[in-house]
Amino acid sequence: MQKPVRAPAATQRPWRLATITMLTVSIAVTLTVLLHLALVNHFAHQQARREAQLRLQQLSWQMRDSLNRVTGTAVVTVKLLAQLPQVRSYDDPVATRSVLEAVQGTVADYAWIGVADADGKVRAATGRMIEGVQVDGRPWFQAGMRGVHATDYHPAMLLDKLLPKADEPWRFIDLSAPLVGADGAVRGVVGVHMSWQWVRNRARQLLTPAVREYGAEVLVVRADGTVLLGPPDLLETKFDSPSLRLAQRGQTGSLREQGPDGKAYLTGYSQTGSGGDPATLQWAVLVRHSEDAALAHARELEQRMIWLSVLMAAVLAGCAALLARRLTQPMVALSGAIAQAVAAIRAGGRSADIPVVDCFHEAQVLSAAMRELVRSEEAHRSALETMNQQLETTVAARTAELQALLLRDALTGLPNRRALMQALPEAMRRAARIGKPCALLFLDLDGFKGVNDTHGHEEGDELLRQFGARLLAGVRKTDLAARLAGDEFVAVLEGLSDVQDANDKADSLLSVLRAPYRLKRATVTVGASIGVALHLPGDAHDLDGWLARADGAMYTAKRGGKNGVALAS
């Protein structure tokens, strides 16, 4: 039986390049638009919320830093007043009042400055307000008798009827410091009443019109939850929120929270002051605005982007159709030429020449040229990277050498003035951190000029080198020995126990420096005058003042007969 002959299976006609290009571009455009819309819907709000929270957090930091800066300046003012002779000796009320009113004239927010004796009687005050009045029961006086202190926000008591009428009620924070006599006893207290108006002014400056347009609010809250600054309906009322509790624990940041009024707020929070420091005030600073206001522009932007995305999809779809047709025309021409050539060969005839398709010829030339260009570029970039690494290594080594030379004295090899000025602030910070004082020793050679004049500058240089070596050997490895200039040297001693410890170490160092120096052509004996200035952990970081005190003590030692140690007051 003869098997039936199967008809050849019909070959499936492949898709045209124009169809594939059109479908690919259309799918890509559709997916891009859909993804774009999803991203806008999902991330636009998150980004707007994140930016708003960051902006509020930065505003909270700025307000906190402003409050700390003003309070710190007032503390410094009170400390300086407590050191002035006209204030410490208040026996002449006219002179004392003149100094107090001069200070008040420089800062408008100092509503009242006064001096009370140890019994609590006001002896002198600006504008003569409450002079002769007993203030021994006031918190600022009681705290000032114990040390420098900042008294928290409170209404005016004695001064309410004496001060000029204002649009808002008088509220103060008080800064006070003890007046210590020559015998070390507390003779009284100097106090400054700062008007709360300065905090309101800081808030107005912080909330620029552009920020207020978002409905942002600044709240300053006391440790007991009382609102000191904020919306009128919250002033001097109790307030509680998650951001407030975080700020009162010393944390900073921003969050989304539900307000007492039921609205969602974005709030930046921080805390002023320093824990354990009675001269600072620990307030929670909250900067907030409603979430709806924060996301209003994002929602508006979202709507606009949706319409733009739809328009872009329509435009891109049209462009894709035109592009697909334009790109496939050379392929259609080439495929037609190839089909004609194949048909001619099958018919036994001579095929026509296949025309050169400029598009593919340019693509071939361009691809080959680009391949060679990329290879050349890669080789060139590799060479440049190698050269750059070598150059960076060389520059780093030379920079390190130059940096070392800039921080070293060429004659003695000790750290120079520049290195000293970099090291002193670090020593102050370490003293504050570990709670132990450090001392600055200012040394000046006694008799160095005579050695120079008698034996020459070369011998003088040798003497300076040996003196620097002895000074370096005489201090601990954790201490610093440096040469300022000429025959002036400095030593920084850290981790001291008290003033006597610094004095003992200076005496010990002096005995080492007194020993004879064997120079190249002579043996000489010189002394040193040492001035000692102590820096306590709680002292202000006054670098110039510290150096000046040590320098003054050194000159005191010289006036006392040289070759000795003098302690700065």
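See the structure above.
Note that this is a predicted model, so its numbers are computed, not measured. (Residues numbered from 1 in each chain as written. Predicted model: local features only at pLDDT ≥ 70, side-chain atom pairs only at ≥ 80, totals over all residues. Heavy atoms only, no water.)

Enquirer: Break down the overall build of the chain for me, with residues and values.
Expert: The helix and strand inventory of the chain stands at 14 helices and 17 strands. Here the chain, with 569 residues, has 39% of them falling under the buried criterion. Taking the contacts inside the chain whose residues are at least 6 apart along the sequence as the reference set, 61% of them involve residues at least 24 apart. With an accessible surface of roughly 32,200 Å², the chain has 57% of that area assigned to carbon and sulfur atoms. (Helix = DSSP H or I, 4+ residues; strand = E, 2+ residues; numbered from the N terminus. Buried < 20%, exposed > 50% of the residue type's maximum accessible area, 1.4 Å probe, protein only. Contact = heavy atoms within 4.5 Å. Areas by Shrake-Rupley, 256 points an atom, 1.4 Å probe, with all protein chains shown as cover.)

Enquirer: I'd love a proper account of the nonpolar core, names of residues and values included.
Expert: Ranked by internal contacts, the top residues of the largest apolar core, which has 42 residues, are Met 63, Leu 81, Ile 173, Val 190, Met 194, Trp 196 and Val 220. At 11 residues, the largest contribution of residues to this core is made by helix α1 (residues 17–83). Ignoring sequence-local partners within four residues, the contact set of Trp 196 consists of Tyr 153, Arg 171, Phe 172, Ile 173, Val 220, Leu 228, Leu 229 and Trp 283. Grouped together as the second largest cluster of nonpolar side chains are 30 residues, Leu 443, Phe 448, Tyr 517 and Leu 534 included. (Core = buried A, V, L, I, M, F, W, Y, C linked by side-chain atoms within 4.5 Å.)

Enquirer: Hey, could you go over the pairing of strand β1 (residues 110–117) for me, with residue numbers and the actual values?
Expert: Of all 8 residues that make up β1, 8 are buried, and the element is covered over most of its length. By the bridge criterion, 7 bridges tie β1 to strand β5 (residues 186–195) in an arrangement that is antiparallel. Its bridge partner being in β5, Asp 117 is matched across the sheet by Gly 188. Sheet topology places β1 next to strand β2 (residues 122–125); 3 bridges connect them, and they run antiparallel. Within β2, the position partnered with Ala 116 by the bridge is Val 122. The antiparallel hairpin formed by β1 and β2 contains 4 residues in its connecting segment, where Gly 120 sits at a positive phi of about 95°. (Pairing = 2+ DSSP bridges.)

Enquirer: Before we move on, can you summarise the layout of surface pockets with the specific residues and values?
Expert: Approximately 1,300 Å³ is the volume attributed to the largest pocket. Around the largest pocket, the lining is made up of 38 residues, and of these Lys 79, Val 148, Gly 538, Asp 539 and Ala 540 lie nearest the centre. For the lining of the largest pocket, the leading source of residues is α1, giving 9 residues. Along the lines of polarity and charge, the residues of the lining of the largest pocket split into 18 nonpolar, 13 polar and 7 charged. (1 Å grid on protein atoms, 1.4 Å probe; cavity = no way out; pocket = protein on both sides within 12 Å on 5 of 7 lines; lining within 4 Å. Points joined across faces, edges and corners; volume = space filled by probe spheres on them. Nonpolar A, V, L, I, M, F, W, Y, C, P; charged D, E, K, R; others polar.)

Enquirer: Account for helix α12 (residues 457–474), with residues named and values stated.
Expert: Across its 18 residues, α12 extends 25 Å between first and last C-alpha, which sits within 8% of the 26 Å expected from 1.5 Å per residue. Where α12 is concerned, the buried positions are Glu 459, Gly 460, Glu 462, Leu 463, Leu 464, Gln 466, Phe 467, Gly 468, Arg 470 and Leu 471. (Expected span 1.5 Å × (residues − 1).)

Enquirer: Run through the sheet that holds strand β9 (residues 264–271), naming residues and quoting values.
Expert: Pairing in this open sheet of 5 strands is antiparallel, and the strands run β7-β6-β10-β9-β8 from one edge to the other. Each edge of the open sheet carries a strand with a single partner, namely β7 (227–229) and β8 (253–258). Along the sheet, successive strands turn relative to each other by an average axial angle of 35°, direction set aside. (Axes fitted to C-alpha atoms, helices over the stretch in contact; angles between N-to-C directions.)

Enquirer: Now, about a nonpolar patch on the surface: what can you tell me, with residues and values included?
Expert: A cluster of nonpolar side chains, Leu 23, Ile 27, Leu 31 and Leu 34, forms an exposed patch at the surface whose accessible area comes to about 390 Å². Topologically, Leu 23 is positioned in helix α1. (Patch = residues over 30% accessible without salt bridge, like charges linked within 9 Å, V, L, I, M, F, W, Y side chains within 5 Å. Salt bridge = Lys/Arg side-chain N within 4 Å of Asp/Glu carboxyl O.)

Enquirer: With reference to specific residues and values, describe the pairing of strand β11 (residues 438–446).
Expert: Across the 9 residues of β11, 9 count as buried, placing the element largely inside the fold. Of the two faces of β11, both are covered, the one formed by Cys 438, Leu 440, Phe 442, Asp 444 and Asp 446 as well as the one formed by Ala 439, Leu 441, Leu 443 and Leu 445. In terms of strand pairing, β11 meets strand β16 (residues 527–535) through 9 bridges, oriented antiparallel. Along β16, the bridge assignment pairs Asp 446 with Gly 527. Summarising the sheet, β11 and strand β13 (residues 488–493) pair through 6 bridges and their orientation is antiparallel. By the bridge assignment, Leu 440 is partnered in β13 with Val 492.

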